[in-house]
Each structure stands twice: as C-alpha cells, then as structure tokens.
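Observations on the three-dimensional arrangement
So you can see what is in the structure, the chains are spelled out below.
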Amino acid sequence: MVVVLDRVEEMRRIDKGDALGLCIKTPEYCRDAVQRARQVNIPKELKVSEKVLIHYGKPRHIIVAGMGGSAIVGEMLHDWLMEELPIPIEVCRDYLLPAYAGEDTLVFAVSYSGNTEETLSAFIDAIKRKCMVASITSGGHLLSFSQRLQIPHVTVPSGFAPRVAVPYIFFPLPVLMEKMGVRLEVEDEMEEVARVLQELNEEVTPQVPTAENPSKKLALELRKTIPVVYGFRQFKAIARRLKCQFNENSKIPGVFDAFPELNHNEIVGWEAPEALTERFSVVLIRDRDEPPEIGHRIEATKTLALQKAHKVLEIRARGNRALAKMFSVMYIGDLASIYLAILLGVDPTPVPIIDKLKAEMGRRLNTAERLTSELQKVTRK
Ligand code: PA5
C-alpha cells in the first residue's frame, strides 16, 4: 500500500481529478495571477445608481468577504501584513459585513466559483454601504454582477477546485491594494514565492521517491491518524489551510490551533487518556527565524504536553521573506494532503458533500433569484 506513492501511474489512477498535476503548477499560477490583477483599472468613482456612488481611494479598513477555500486568502493577507500595515484587515465569513463597513472600507468579494451565497450577499451589502468593492472570481453570479455594475474585478481561470486556485485568488489582493494607494512595495517578495515553490518542486513532485520527498514522508507519517496542525503568527492561516486540506483532499477530520493561545486551553486536552490522544498526530509549523518566545513555547509544549500524541512532526518554512515562507509551508502541506488521499485510496478532488449542501441551500433559499432581485433593488435608479 505504502509503495503506491512511488508508482506514478498508480497514483494517477486514484487521483482522477489530477489534483497532483494541478498543484505542482502553483508557481505558474502565482505569476499569472499577478499579471491578471495588474491589468485591472480602478475607477475614481463608480455610479451604481442614483443613490449609490462609490468613491475609490485609499481605504481605512480592508474586509475580505469569502468562504472556505476563498476566505483563507483573506486570513493569509492578514497574517502576512499585520506587522507592517497600519490599517486593519478583517475576514468576513458571513452574509453581512460588520457594522463599521462604509465608504472608506475596501471590500474584496472573493468567490472562486462566483456562486457562493454568503459571499454574494456580502458583496451586495458592500454595494449598499458604498464600500470600495472589488471582486475576484472565475465566473458565476459574482462575475456577471461585477460586469453589469462595472465593479473592478479580477477574472481567474475556471475549472479548478477553489482550494487549488488559492494563488490565483490571493495575489490580486496586494496588487489591487497598491492600485488603491496602499503602499506595500512587495514586488520582490511576491516574486520570491514563485521561485521558492519552483525550487521546492525538485523535492515534492510525484516523481521524487518517498524517501527523499518531504510531502510524501509527511503523508506516510500521518496515515491512520487525525492531524492537528499548530501554527503561530504569520502561519496561523496556514495552519487552518492545512487542516482544511486534510479535510477536503484526504477526506479526514483535522484540528488546527496557534501559539501562544493554544498554551492557554488546547494543551489541557492532551491530558486525555492515551487511547484517545494516540489517534492524533501533531504537525508543528516551524521557521528558523521564529521569535524566541514562540520557539521556547513550541519546545516546552512538545515536552510537557505532546508526549502522548501518535507522532509530533514538523514542516519547516523555506525562503527568506514572510510570504514565501507561508506559501512554502502551505505547498509542502497541500501536497502531503493529496498524497495522503492517494494512500487512503480516495480521489482528492471531488467534495460532493459541500456541493450537495450548497445545492440544498440554493433550493431552500431560492438563492439565485433572491440575490438577483436584491441587486436590482440596489441598482434601481
Ligand atoms: O474548498 C472548497 O471547495 C470550499 O471551501 C469552497 O471554497 C467554499 O465552499 C466557497 O466556494 P467558492 O470558493 O467557490 O466561493
């Protein structure tokens, strides 16, 4: 069973949706996403109706509205920039925006499919409040609504699972922020991501045997256990991302948390009987530049609390700057979740339960018609 990871043909037979083939093109997606976003024009003002005039300028707050694989890019943006950016970034995973959202708020509506009802509702809410709205999508209602109203939008290629398209929906965020006067100067940092991931491909692609492949090794270690991913600071969103990848690709439960908060609650859970704790493997995200207070916490937690876990594993960040480090951990983990799916004999790509739930909600709430008519009300002259 284990040798399946060293048989590329057999892996292909299980990985029907070619999750591996698509994932290893991530470095290309990063560069393409930047190019696409650069072509978008931000108007000075946009008249949506007689009542709604949106002024685009330098925002005082940023909200990223999205769900699941699309929402995570907002959290990544937050973690990446929180130490430098003097304006707050919040992620809205809900139907309505927080009360403070207004004319000086930049709202990114991010939905890979363009048909996620929570994101579409938040998008309409943002227009009603005259927020500076921009959207990122591959199609669906979000694209057609944006086109109809001339809302600035980045169109990304369709045909991926949303979680594969993360680079496509992440990189437009800083590019559009800069176009709106938020000074970031992150050209080199963005370019480093593609370079580091390209270098990583020498180690993590399907052709590299398990013995030399960190992602395959991680998948093997995690087999038959529930992964618990712990991050810190700029790796908080990445910890959540990896947990979600184990859910959606490997089709197993997962847990995530972050230092230092987990030292104040989560660690107590490890006092449970070994019969319970041995079902969990811990994946620690590590960085050679982690602050001493975090490094000591991680080491102390290993000694004091994690002894009863099945395994304690680490993913070490590569690269020099924060963004490349974040993406490198994500990349090693993403591929591990796909290899784990293959080890478990499941096709990583389909997520029928999510699709069924969306369809059921669409039926119950009559989503498409309801949102279209709401949009008509907002834009009525
Ligand atoms: O990974 C997934 O498929 C989900 O988490 C989706 O991203 C989520 O349901 C939202 O869909 P979308 O990204 O198309 O807005």
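The present account deals with the structure reproduced in this document. Note that the structure is a prediction, hence the values are computed from the model and not measured.

Inspection of the entire model under this criterion finds one cavity of 30 Å³ or more. As a volume, the largest cavity reaches approximately 130 Å³. Along the wall of the largest cavity there are 17 residues; nearest its centre are Cys23, Arg163, Val164, Arg241 and Gln245. Looking at the lining of the largest cavity, the elements with two or more residues in it are helix H2 (19–23), helix H11 (236–248) and helix H15 (322–343). When its residues are assigned to classes, the lining of the largest cavity shows 10 nonpolar, four polar and three charged. For the lining of the largest cavity, the domains that each give at least three residues are domain 1 (2–17 + 205–343) and domain 2 (26–185 + 358–379).

Before going further, it helps to spend a moment on the environment of Thr225. Within the element layout of this structure, Thr225 appears in the loop between helix H10 (214–222) and strand E8 (226–232). On a C-alpha basis, the gap between Thr225 and Lys311 in space is 9.0 Å, while along the polypeptide they are 86 residues apart. Look past the residues within four positions of Thr225 in its chain and what remains in contact with it is Ile252, Glu278, Arg279, Phe280, Ser281 and His310. Separated by 2.7 Å, the side chain of Thr225 and the backbone oxygen of Leu222 make a polar contact.

Let us now look at unusual backbone geometry. For the bond running from Phe259 to Pro260, omega is 0°, close enough to zero to count as cis. Relative to the elements of secondary structure, Pro260 occurs in the loop between strand E9 (255–259) and helix H12 (266–269). One non-glycine residue, Gln150, lies in positive phi territory at about 60°. Its identity is not glycine, yet Lys224 carries a phi of approximately 70°, on the positive side. By relative accessible area, Lys224 is classed as exposed at 75%.

Turning next to the site of the ligand. Taken together, Met67, Gly68, Gly69, Ser70, Ser111, Tyr112, Ser113, Thr116, Pro162, Glu248 and Lys358 make up the full set of residues near the ligand. Measuring from an oxygen atom of the ligand, one finds a side-chain N or O atom of Thr116 at 2.6 Å. When the free accessible area of the ligand is taken as 380 Å², the share hidden by the protein chains comes to 93%. More than half of the atoms belonging to the ligand lie within 2 Å of the grid points that define the largest pocket. Among the elements that take part in the shell around the ligand, helix H4 (residues 68–81) stands out by supplying three residues, more than any other. Of the residues assigned to the shell around the ligand, the class counts are three nonpolar, six polar and two charged.

How each quantity is defined
Numbering of residues starts from 1 in every chain and runs along the sequence as written. For this predicted model, a pLDDT threshold of at least 70 governs which residues receive local features, and a threshold of 80 or more governs which side-chain atom pairs are given and counted, while totals over whole chains, interfaces and linings are taken from all residues. Values reported for side chains reflect all heavy atoms of the structure, with hydrogen atoms and water molecules removed beforehand. Definitions used throughout: a 1 Å grid over protein atoms alone; a cavity as a set of points that fits a 1.4 Å probe which cannot get out; a pocket as an open set with protein on both sides within 12 Å along at least five of seven lines; a lining residue as one with an atom within 4 Å of a point. Grid points are joined across faces, edges and corners, and a volume is the space filled by probe spheres set on the points. Numbered from the N terminus, helices here are DSSP runs of H or I no shorter than four residues, and strands are runs of E no shorter than two. Any residue outside Ala, Val, Leu, Ile, Met, Phe, Trp, Tyr, Cys, Pro, Asp, Glu, Lys and Arg is labelled polar, Gly included; the first ten of those are nonpolar and the last four are charged. Where each domain starts and ends comes from a domain assignment, either automatic or drawn from a database. In what follows, a contact means two residues having at least one pair of non-hydrogen atoms within 4.5 Å. Counting of polar contacts relies on pairs of N or O atoms within 3.5 Å, with two restrictions inside protein: one atom must be capable of donating a hydrogen and the other of accepting it, and residues adjacent in sequence are counted only when both atoms are side-chain atoms. Working definition: with a 1.4 Å probe on protein chains only, accessible area under 20% of the residue-type maximum means buried, over 50% means exposed, and in between means partly exposed. Proximity is defined per residue: any heavy atom of the residue falling within 4 Å of a molecule or strand makes that residue near it. All accessible areas in this document rest on Shrake-Rupley with a 1.4 Å probe, and a residue is counted as covered only by the protein chains that are shown. A cavity or pocket is said to hold a molecule if more than half of that molecule's atoms lie within 2 Å of its grid points.

What is shown is where atoms sit, not what they do.
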